[in-house]
Amino acid sequence: MQCAGFCVKEIVKKINTLLLFTFIVASSYAVTVAPSSLSLNASRLHASIRSSPVMLSCPEGCTQLGNCNHEMGNCECPWPRRGPTCEEDPLSLCYDDPTNHTVPSCGIRAPKNCECYKQCQNLHCQDSNGDVYNCEHELGRKIGEARCFLYRNRPVDQQGSAIPKKGKEVVDWYRIPAQGWYVWKSGKPRWWWDWLPFKQRWALRGSYEEFVIPLEDCPLNCTSRGVCIQEITQIKCICRKGFKGLACELDDNEEACWFSPTCNGHGKCKSGFCHCDPGWWGLGCTRSSAYALESGSKAVPSRLRLRIYMYDIPSEHTFPGEYDDGVYTRDNMYAAYEYFIKYFLQDWDVRTENPHEANMFFVPALVYFYAGNLGNPLPHLRKVVKYISTTYPFWNRTGGRDHFWWMTGDQGACWMPEDLMRNPIKLVHFGLTGSNLTWRDPPRDLHLDKEYGCILPERDIVTPPVVHNKFPNTGKSIDLFKTILENRGSDARLRKLLLFFAGAFQMTDMMYSGGARQALNTTFQNHSPSDVLMMQGTTHRYDDLFLDSKFCVAPYGFGWGLRLSIAVTHACIPVIIQDHVHQPFEDILPYQQFSVRLRVKDVPSIVSILRSYSDEQLAVMRYELWNHWAAFLWPREAGGLAYNYTIKALRKRMYNYAAEYYRL
């Protein structure tokens, strides 16, 4: 009878998981199935809020270069332009071809006109109070590493960044002074030591074998969309963001407008900016409606369903531009927010164009574009928050408690100052928490919150990073788990290794990984069982070793790590050794059913602990991995449901905030 009961449970469970598998493989991956009953809720919601459609007009001539935002009645301009009709160009001296203003650049890899770099610093460092550390963009902070030239006997407005011919002494060359906020005198850098040595002139930064040459020396003048480079054996174009090809003659919309390469079918991608058809605006041309509260009405958002309003932030405050000359791709493992934005733009079951019915607000700050992984995110965030709090009423209504943004850097929100830490919801990959923690020395002017560390679990959300591009087999998880499903928890692999880890140990830095990696190295450095593999550094066999192992260690490093997601998507039971660290979607997923959680002090006993699991128990745990692996993967085409879980987590935060579940 026990067997019969067990079999019945297994059959029911198998039917349920088969249905889920069918959904993942065959569906169009709709984010939320909107029940018909919700239409009644939505109609009641509109009726109670009493808001009316509105379409404000913009200054005449706006749509020649920009989009009319009919909600605000102003012009959305392509970066870096601004003004009522996008007529102002703050980087007018930063074009590769001054006669063809396609895309300007503040890049420091290729030299530019010194007056261009003055414009760049004015653009990126306008609120820095004379301290380059407080520039909002990495390029503003790194201008001190640039080289520049000035054309002789030309007024400032006739200077430009067209590369002069080598050997013709029509320019003077300088290095930008690196002593903080540099001072210009008579249009030139300050001191005689700012003159640039001859061997560095025309050279790409960091190279003495690649030199910039005039555009006319390259095929089709690089179509005025790039920099012409002389290498030892060839001449080539380095294209600006949004273009590709030997002469930069082709559009690269997939990279430039990653959020919507087709601009939602209602516009054209122009180097990261969607120039929309009349009547459309916003990121990816996804807005076409606007609303205003009726006179005497007050917005009281319903809690019946999650409704998120995304701010339309002008490009002068946030724009996914190039990072440097010819450098505009990102390390994809930090790109979870890109997947979120791409899916959210089309998710009208959750997204709303009516901010008065919204119960949560998405602030699409682009922290990684502006600060990279380890840069200072605060200048960019402060600028964005200043804009939304002075332009809209919603931030000030709650102090930002119903607002959220992404921070995917290694240490996430760990060093946020109190005014930005306390209220907003942060979506991060690193969930370090706990009171009075001694961790890493913080960057200057920032501090680790002594009450709860880097996140408050009831408020903030830990999400998985992107792993599929680094480990190809993660894109084959559907096939792997189909086999596990068919074999009731076994994937038909021998999995000869009991335990596997490969990576750095950093024995001299005990703060690294919270001591977990060091404990592993100490435990196994003198004696390692034949079925335990501990490797210092990386290996090209990562995928195979994860597939050959029963258990895989998932520590952190200087911040969040990839190994939990890799282990899950390879059906290797993760051994999580991360004291005080919350894992992705930990308040949603039943980690105890598909992982092993150890403290650092348990590491000396790790082998005996893992050997205590029977094959039958491992099969059950691997079966549970099947139920939840999709939460750790972002691309829908690979079966990923990380976006869906993120929306579910946001829905919980909506209720947590309303119920005062956490103390500010």
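The shown structure was predicted, so the numbers you read here are calculated from the model rather than taken from an experiment.

1. Regarding the pattern of salt bridges
Two side chains of opposite charge can pair, provided their charged atoms sit close to one another.
Part 1 of the reasoning: Using the criterion set out here, one finds 34 salt bridges in the structure.
Part 2 of the reasoning: In this structure, Glu-71 and Arg-287 form a salt bridge, with 3.3 Å as the shortest nitrogen-oxygen distance. With a gap of 216 residues between them, Glu-71 in the loop between β2 (67-69) and β3 (74-76) and Arg-287 in the loop between β13 (273-276) and β14 (291-293) connect regions that are remote in the sequence.
Part 3 of the reasoning: According to the relative accessible area criterion, Arg-287 is buried, its value standing at 1%.
Part 4 of the reasoning: Linking Glu-231 and Lys-236 is a salt bridge whose minimum nitrogen-to-oxygen distance equals 2.9 Å.
Part 5 of the reasoning: Several salt bridges converge on common partners, so that one network encompasses Asp-96, Lys-112, Arg-240, Glu-322 and Asp-325.

2. Some points on the sheet that holds strand β17 (residues 403-406)
Part 1 of the reasoning: Strands sit in the order β15-β16-β17-β18-β20 across an open sheet of five strands; the sheet is parallel. A strand with exactly one partner marks an edge of an open sheet, and here the two such strands are β15 (308-310) and β20 (461-462).
Part 2 of the reasoning: With three bridges connecting them, β17 and strand β18 (residues 425-428) associate as parallel partners. Within β18, the residue paired with Phe-404 across the bridge is Ile-425.

3. Here we look at the packing of aromatic side chains
Part 1 of the reasoning: Throughout the structure, instances matching the rule amount to 43 aromatic pairs.
Part 2 of the reasoning: Look at Tyr-311 and Phe-361: their rings are 5.9 Å apart centre to centre, the planes differ by 25°, and that puts the pair in the stacked class. Of this pair, Tyr-311 sits in the loop between β15 and α7 (336-344) while Phe-361 sits in strand β16 (residues 360-362), and the two are 50 residues apart along the sequence.
Part 3 of the reasoning: For the pair Tyr-591 and Phe-594, a centre-to-centre distance of 5.1 Å together with 40° between the ring planes defines the contact as tilted. Here Tyr-591 and its partner Phe-594 are both found in helix α16 (residues 591-594), three residues apart, which amounts to about one turn of the helix. Both residues of the pair, Tyr-591 and Phe-594, belong to the buried class.
Part 4 of the reasoning: An aromatic cluster is built from Tyr-339, Phe-340, Tyr-343, Phe-344, Phe-362, Phe-404, Trp-406, Trp-634 and Tyr-643, whose rings are joined through pairwise contacts.
Part 5 of the reasoning: Positioned above the aromatic ring of Tyr-151 is the side chain of Arg-154, whose terminal nitrogen or guanidinium carbon lies 3.8 Å from the ring centre.
Part 6 of the reasoning: Its end group placed over the ring of Tyr-343, Arg-636 keeps NZ or CZ at 3.9 Å from the ring centre.

4. Let's talk about the UniProt feature "domain: EGF-like" (unreviewed entry) in the chain
Part 1 of the reasoning: The feature "domain: EGF-like" (unreviewed entry), as annotated in UniProt, sits at residues 214-249 in this numbering.
Part 2 of the reasoning: Secondary structure within residues 214-249 divides into 0% helix and 33% strand; the distance between the first and last C-alpha atoms comes to 17 Å.

5. A look at the sheet that holds strand β24 (residues 573-576)
Part 1 of the reasoning: Strands sit in the order β22-β21-β23-β24-β26 across an open sheet of five strands; the sheet is parallel. The sheet is open, and its two edges are formed by β22 (532-536) and β26 (596-597), each paired on a single side.
Part 2 of the reasoning: Summarising the sheet, strand β23 (residues 549-554) and β24 pair through four bridges and their orientation is parallel. Looking at β24, one finds that Val-553 is bridged to Val-575.
Part 3 of the reasoning: Contacts from helix α18 (residues 615-628) reach β23, β24 and β26, with the element oriented near 90° to β24.

6. A few points about the nonpolar core
Part 1 of the reasoning: With 143 residues, the main nonpolar core has Ile-308, Phe-340, Leu-499, Ile-577, Ile-606 and Leu-650 as its most contacted residues.
Part 2 of the reasoning: Looking at this core, you find at least three residues from each of domain 3 (307-462) and domain 4 (476-633).
Part 3 of the reasoning: Other than its neighbours up to four places away in sequence, Phe-340 contacts Phe-362, Phe-404, Trp-406, Trp-634, Tyr-643, Thr-646, Ile-647 and Leu-650.
Part 4 of the reasoning: If you look at the next biggest cluster of nonpolar residues, it comprises 17 residues, including Ile-108, Cys-114, Leu-139 and Leu-150.

7. A look at the pairing of strand β21 (residues 497-503)
Part 1 of the reasoning: Taken across its seven residues, β21 has seven buried, putting it largely inside the fold.
Part 2 of the reasoning: As judged from the three bridges shared by β21 and β23, these two strands associate in the parallel manner. Paired with Leu-499 across the bridge in β23 is Phe-551.
Part 3 of the reasoning: Strand direction decides the pairing type here: β21 and β22, joined by five bridges, are parallel. When the sheet's bridge partners are listed, Phe-500 is paired in β22 with Leu-533.
Part 4 of the reasoning: With respect to chirality, the unit in which β21 leads through helix α13 (residues 516-524) into the neighbouring parallel β22 is right-handed.

8. Section: the side chain of Arg-330
Part 1 of the reasoning: Structurally, Arg-330 is set in the loop between β15 and α7.
Part 2 of the reasoning: The exposure class of Arg-330 is buried, given its relative accessible area of 18%.
Part 3 of the reasoning: Here the side chain of Arg-330 touches Glu-255 through a polar contact of 2.6 Å, side chain to side chain.
Part 4 of the reasoning: Looking at Arg-330, its side chain comes within polar contact range of the main-chain oxygen of Tyr-328, at 2.6 Å.
Part 5 of the reasoning: In this structure, Arg-330 is in contact with Lys-241, Glu-255, Trp-258, Glu-338, Tyr-368 and Phe-369, ignoring residues within four places of it in sequence.

9. Re the pairing of strand β5 (residues 147-151)
Consecutive side chains of a regular strand alternate in pointing toward one face of the sheet and then the other.
Part 1 of the reasoning: Burial runs high along β5: five of the five residues are buried.
Part 2 of the reasoning: Here β5 shows a buried face lined by Arg-147, Phe-149 and Tyr-151 and a second buried face lined by Cys-148 and Leu-150.
Part 3 of the reasoning: As judged from the two bridges shared by strand β4 (residues 112-113) and β5, these two strands associate in the parallel manner. Pairing of Asn-113 across the sheet is with Phe-149, part of β5.
Part 4 of the reasoning: Pairing geometry for β5 and strand β6 (residues 171-175), over five bridges, is antiparallel. Paired with Cys-148 across the strands is Tyr-174, a residue of β6.

10. What about the state of the cysteines?
Part 1 of the reasoning: Counting across every chain of the model gives 15 disulfides.
Part 2 of the reasoning: Two residues, Cys-263 and Cys-274, share a disulfide whose sulfurs are 2.1 Å apart. One quick way to see it: the torsion about the S-S bond of Cys-263 and Cys-274 is about -85°, and its sign makes the bridge left-handed. Highlighted residues: Cys-263 in the loop between α6 (253-256) and β12 (267-270) and Cys-274 in strand β13, separated in sequence by 11 residues.
Part 3 of the reasoning: Since its relative accessible area comes to 3%, Cys-274 is described here as buried.

Parameters and conventions
- Every residue gets a number counted from 1 within its own chain, in the order that chain's sequence is written.
- Per-residue local features of the predicted model are confined to residues with pLDDT of at least 70, and side-chain atom pairs are confined, for both listing and counting, to 80 or more; whole-chain, interface and lining totals are unaffected and use all residues.
- Only hydrogens and water are set aside when side-chain values are computed; all heavy atoms of the structure are taken into account.
- Criterion for a salt bridge: a side-chain nitrogen of Lys or Arg within 4 Å of a carboxyl oxygen of Asp or Glu.
- Labels follow the DSSP assignment, with helices taken as runs of H or I lasting at least four residues and strands as runs of E lasting at least two, numbered in each case from the N terminus.
- Burial here depends on accessible area, computed with a 1.4 Å probe over protein chains only, as a share of the maximum for the residue type. Under 20% is buried, over 50% is exposed, and the range in between is partly exposed.
- By definition, two strands form a pair when at least two bridges between them are found by DSSP.
- Under the pairing criterion, centres of Phe, Tyr and Trp rings, with the six-membered ring standing for Trp, must be within 6.5 Å; the plane angle then separates stacked pairs below 30 degrees from edge-to-face pairs above 60, leaving the rest tilted.
- Here, a charge over a ring means that NZ of Lys or CZ of Arg falls within 6 Å of the ring centre while also lying within 35 degrees of the ring normal.
- UniProt positions are given in the numbering used here, feature names are shortened, and annotations may be inferred rather than shown by experiment.
- Throughout, a contact is declared for two residues whenever any of their heavy atoms are within 4.5 Å.
- Lines fitted to C-alpha atoms define the axes here, with helix axes fitted over just the stretch in contact, and angles between the N-to-C directions of these axes take values from 0 to 180 degrees.
- Nonpolar core, defined: a set of buried Ala, Val, Leu, Ile, Met, Phe, Trp, Tyr and Cys residues in which side-chain atoms within 4.5 Å join the residues together.
- Domain boundaries shown here were taken from an automatic or database domain assignment.
- Handedness of a crossover is defined as follows: orient the strands so they point away from the viewer, and if the path from the first strand over the helix to the second runs clockwise, the crossover is right-handed.
- Residues adjacent in sequence count toward polar contacts only when both atoms are side-chain atoms; beyond that, a polar contact is any pair of N or O atoms within 3.5 Å, and within protein one must be able to donate a hydrogen and the other to accept it.
- Our working definition of a disulfide is a cysteine sulfur pair at a distance within 2.5 Å.

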